[in-house]
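Close look at the chain arrangement
Next come the chains, spelled out residue by residue.
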Amino acid sequence: MKIGIAADHAGFEHKQQIVAQLQKKGYDVKDYGAQAYDADDDYPDIILPLAQAIASGEVERGIAVCGSGVGVSIAANKVAGVRAALITETYSAHQGVEHDDMNLLCLGGRVIGPVLQWELVEAFLNARYKGEERFQRRLDKVIALEKKHF
């Protein structure tokens, strides 16, 4: 599975840790930035390349980190085809994929520690969309909303 990752200044150190852990586990990781710490960067600029890569199929899933995780979640969801959510516990990390086909995990670098961060990443990446009729029906409605409003 090819994984994309991005973070602004508030998530930069977390991103570096996640990349190292993903590579150690054998994942193919594409880093969409920031490439260096810049206290003045803005999360919408950082998340856009990753969101576009998810929407185009360049990467299968993505991980984004900002201070709270809220900003990258809001910005990423402005790109059709991206289903991003701020996640703070493991149930939603896997359930979001299994039921909602979530493809972008958003994390708060200033609100969770490295152990929980990695547990969330693992739960997200190990989950698979179930595609049951009720889940697909709901996902189809979300996609229809995207088509209508984007």
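Here is a short report on the structure shown in this document.

For the rest of this paragraph, the subject is the overall build of the chain. Each helix and strand in the chain was counted, giving 6 helices and 5 strands. Walking the chain from its N terminus toward its C terminus, one meets helices and strands in the order β-α-β-α-β-α-β-α-β-α-α. In terms of C-alpha radius of gyration, the chain reaches 14 Å, essentially the compact-globule figure of 15 Å for 150 residues. Each of the three principal axes of the chain carries a C-alpha extent, and together these read 45 × 30 × 25 Å. When contacts within the chain are restricted to residue pairs at least 6 apart in sequence, long-range pairs at least 24 apart make up 70% of them. Split by element, the accessible area of the chain, about 7500 Å² in all, is 50% carbon and sulfur. Mean positive and mean negative side-chain charge positions of the chain (17 and 21 charges, respectively) differ by 7 Å.

With that settled, consider unusual backbone geometry. With an omega of -5°, the peptide bond between glycine 33 and alanine 34 qualifies as cis. With respect to the secondary-structure elements, alanine 34 resides in the loop between strand 2 (28-31) and helix 2 (43-56).

All right, on to the pairing of strand 1 (residues 2-7) then. Of all 6 residues that make up strand 1, 5 are buried, and the element is covered over most of its length. Pairing between strand 1 and strand 2: 4 bridges, direction parallel. The partner of lysine 2 across the bridge, within strand 2, is aspartate 28. After leaving strand 1, the chain enters helix 1 (residues 12-24) and then returns to the sheet as strand 2, a path that is right-handed.

By the definition in use, this model includes 0 aromatic pairs. In this arrangement the basic side chain of arginine 61 is found over the ring face of phenylalanine 124, its NZ or CZ atom lying 5.2 Å from the centre.

What follows covers the sheet that holds strand 5 (residues 104-108). With parallel pairing, 5 strands are arranged side by side in an open sheet as 2-1-3-5-4. Of all the strands in the sheet, the pair left with one neighbour each is strand 2 and strand 4 (84-86). Taken over all neighbouring pairs, the strand axes of this sheet differ in orientation by 20° on average, direction set aside.

If you look at the biggest cluster of nonpolar residues, it comprises 23 residues, and the most contacted ones within it are Ile18, Leu22, Ile63, Leu105, Leu107, Val121 and Phe124. Listing elements by their share of this core, those giving two or more residues are strand 1, helix 1, strand 3 (61-66), helix 4 (90-100), strand 5 and helix 5 (114-126). Per element, the largest residue contribution to this core is 6 residues, and it comes from helix 5. In terms of nonpolar packing, the next biggest core, distinct from the first, is built from 21 residues, Ile46, Ala53, Cys66 and Ala84 among them.

Basis of the calculations
- Residues numbered from 1 in each chain as written.
- Predicted model: local features only at pLDDT ≥ 70, side-chain atom pairs only at ≥ 80, totals over all residues.
- Heavy atoms only, no water.
- Helix = DSSP H or I, 4+ residues; strand = E, 2+ residues; numbered from the N terminus.
- Rg over C-alpha atoms; globule rule 2.2 N^0.38 Å.
- Contact = heavy atoms within 4.5 Å.
- Areas by Shrake-Rupley, 256 points an atom, 1.4 Å probe, with all protein chains shown as cover.
- Lys, Arg positive; Asp, Glu negative; His and termini not counted.
- Charge placed at Lys NZ, Arg CZ, Asp CG, Glu CD.
- Buried < 20%, exposed > 50% of the residue type's maximum accessible area, 1.4 Å probe, protein only.
- Pairing = 2+ DSSP bridges.
- Right-handed = clockwise from strand over helix to strand, strands pointing away.
- Phe/Tyr/Trp six-rings, centres within 6.5 Å; stacked < 30°, edge-to-face > 60°.
- Lys NZ or Arg CZ within 6 Å of the ring centre and 35° of its normal.
- Axes fitted to C-alpha atoms, helices over the stretch in contact; angles between N-to-C directions.
- Core = buried A, V, L, I, M, F, W, Y, C linked by side-chain atoms within 4.5 Å.

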